[in-house]
Structure formats: structure tokens, C-alpha cells
Amino acid sequence: MKEYFSSQSTKKYLIISAIVSVVALAGMDIFLFPAVKAAAGGIAAFDLQAFAYPKAVGEQFIQNITATGKTYFYAAIALDFVFMFAYTYLFLGLFIKLNKIGYKLIFLPIALFAVDVIEDVLSIIMLKTDKFIPAASAVSAAKNILTYACCITALVFLINWLVKRKKK
């Protein structure tokens, strides 16, 4: 994997994955999730809770959401799958290209990807059956912590890389 990300052509793939990540995130955050929130009586989707959410909030969301809201939520989940692949590739590439120890930390984006898939699966199950709300809440909290960890790590690596580059 390290050899793959060290190739020169990887730079364009990282740029493409960054663009895909931004476009997918914008599509979800600007269009889909506001529609879901409106269709659920003002309660944000599970993915958007900063940390774990109480079971009562999850139950209220399920109770409130309309059929149209569920359609928007399913569309957001589908777009999230595209987003997951794009941000995972981006994080992996940044970790490996920007810092020598980044290769040792690739478990973070891989774990984030896996937890995000589990979160989406649990969201679908919750929308269909009203089950696993506490488990989905815990998975959402774990995903958010991993997201923060990946973003902070990438930012630290980027700052370190820029400082080293400026010194040269």
C-alpha cells in the first residue's frame, strides 16, 4: 500500500477523492439532511448527532419521520457510501504521503470506514424496524470520534509537512 501511495499519479487521485468527498458531503449537508430533519419534526438524522443520542430521541425521530423523509434519508445513506470510499482514500493517501509515521496510523481511516458502514446499516434497520437505537447511537459516537481523530491527524501531518517544506 505504501508503494501505491508514493507514486506520482496518486496526487491526481487524492485531488479527485478530495473533490468527490466535498461534493458528496455538500449534497448530504445542504440538500438531503435538511430535508430529513424537516420531515422528522426538526430532529436531526442519526448521523448528524455530535455524540451518542438518547434512545428517546431515536424513537421520536422514527415516530416523526414521514415516508418522504425516509426516502431522503435512504438517498443520504447511498451518497454516504460514495463519501466513505472517497474520504477513506483521501485519509489513507494523506497519512502515507505527508508523514513517515502515517503508514502506522492507517488503521484510523480503515476503522472509520468500517464503523461508518455499520452506522449506515443500523440506520437502515432502525428506519425499517425501530430496533437497535442504543447500538446505533454508540456506533455514531464511535464514528464521530474516529472522524475527529482522522481529521486532526491529517491536519497535524499537513502542518508538519508544510513546516518541513518551508524550512527547505
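Scroll up to find the structure this text is about.
Because the structure is predicted, anything quoted here is derived from the model rather than measured. (Residues numbered from 1 in each chain as written. Predicted model: local features only at pLDDT ≥ 70, side-chain atom pairs only at ≥ 80, totals over all residues. Heavy atoms only, no water.)

Focus on the overall build of the protein
Here is step 1: Within the protein, the regular secondary structure consists of six helices and zero strands.
Here is step 2: Listing each helix as α and each strand as β along the protein from the N terminus yields α-α-α-α-α-α.
Here is step 3: Taken across its 168 residues, the protein has 41% of its residues classed as buried.
Here is step 4: Pairs at least 24 apart in sequence give 75% of the contacts found in the protein among residues at least 6 apart.
Here is step 5: Carbon and sulfur atoms make up 71% of the accessible area of the protein, which amounts to about 9300 Å² in all. (Helix = DSSP H or I, 4+ residues; strand = E, 2+ residues; numbered from the N terminus. Buried < 20%, exposed > 50% of the residue type's maximum accessible area, 1.4 Å probe, protein only. Contact = heavy atoms within 4.5 Å. Areas by Shrake-Rupley, 256 points an atom, 1.4 Å probe, with all protein chains shown as cover.)

Details of the nonpolar core
Here is step 1: Counting residues in each nonpolar core, the largest one holds 35 residues, and the members touching the most others are F46, F61, F73, F91, F95 and M126.
Here is step 2: Among the elements that take part in this core, helix α4 (residues 67-98) stands out by supplying nine residues, more than any other.
Here is step 3: In this structure, F73 is in contact with F33, V36, A45, F46, D47, F61, S123 and L127, ignoring residues within four places of it in sequence. (Core = buried A, V, L, I, M, F, W, Y, C linked by side-chain atoms within 4.5 Å.)

Details of the packing of α4 against helix α6 (residues 133-167)
Here is step 1: Interaxial distance between α4 and α6 falls to 9 Å at its minimum, and their mutual angle equals 35°. As for how α4 packs across α6, the hand of that crossing is left-handed. Side by side, α4 and α6 meet where F91, L94, F95 and L98 of the first sit next to C150, C151, T153, A154, F157, L158 and W161 of the second. (Axes fitted to C-alpha atoms, helices over the stretch in contact; angles between N-to-C directions. Left-handed = near helix turned anticlockwise from the far one by under 90°.)

Overview of the state of the cysteines
Here is step 1: With the rule as written, the count across this model stands at zero disulfides.
Here is step 2: Of all cysteine sulfurs, the one in C151 lies closest to C150, which takes part in no disulfide; the gap is 6.9 Å.
Here is step 3: The exposure class assigned to C150 is buried, which follows from its relative accessible area of 0%.
Here is step 4: When its relative accessible area of 41% is taken as the criterion, C151 is described as partly exposed. (Disulfide = S-S within 2.5 Å.)

Concerning the side chain of D80
Here is step 1: Structurally, the position occupied by D80 is in helix α4.
Here is step 2: We note that D80 is buried and unpaired, the nearest opposite charge coming from K143 at a distance of 5.6 Å.
Here is step 3: Ignoring anything within four residues of it in the chain, the contact list for D80 reads M28, D47, D116 and D120. (Lys, Arg positive; Asp, Glu negative; His and termini not counted. Salt bridge = Lys/Arg side-chain N within 4 Å of Asp/Glu carboxyl O.)

Observations concerning a positive patch on the surface
Here is step 1: A surface patch of positive charge is lined by K100, K164, K167 and K168.
Here is step 2: Mapped onto the elements of the fold, K167 is located in helix α6.
Here is step 3: For K167, a relative accessible area of 72% corresponds to the exposed category. (Patch = residues over 30% accessible without salt bridge, like charges linked within 9 Å, V, L, I, M, F, W, Y side chains within 5 Å. Charge placed at Lys NZ, Arg CZ, Asp CG, Glu CD.)

A closer look at helix α5 (residues 107-129)
Here is step 1: Compared with an ideal rise of 1.5 Å per residue, which puts 23 residues at 33 Å, α5 spans 32 Å between its outermost C-alpha atoms and is within 8% of the ideal.
Here is step 2: Among the residues of α5, those classed as buried are L108, P109, L112, V115, D116, E119, D120, L122, S123, M126 and L127.
Here is step 3: Residues of α5 that are buried make contact with α3 (55-64), α4 and α6.
Here is step 4: Backbone geometry just downstream of α5 places D130 in the positive-phi region, at approximately 65°. (Expected span 1.5 Å × (residues − 1).)

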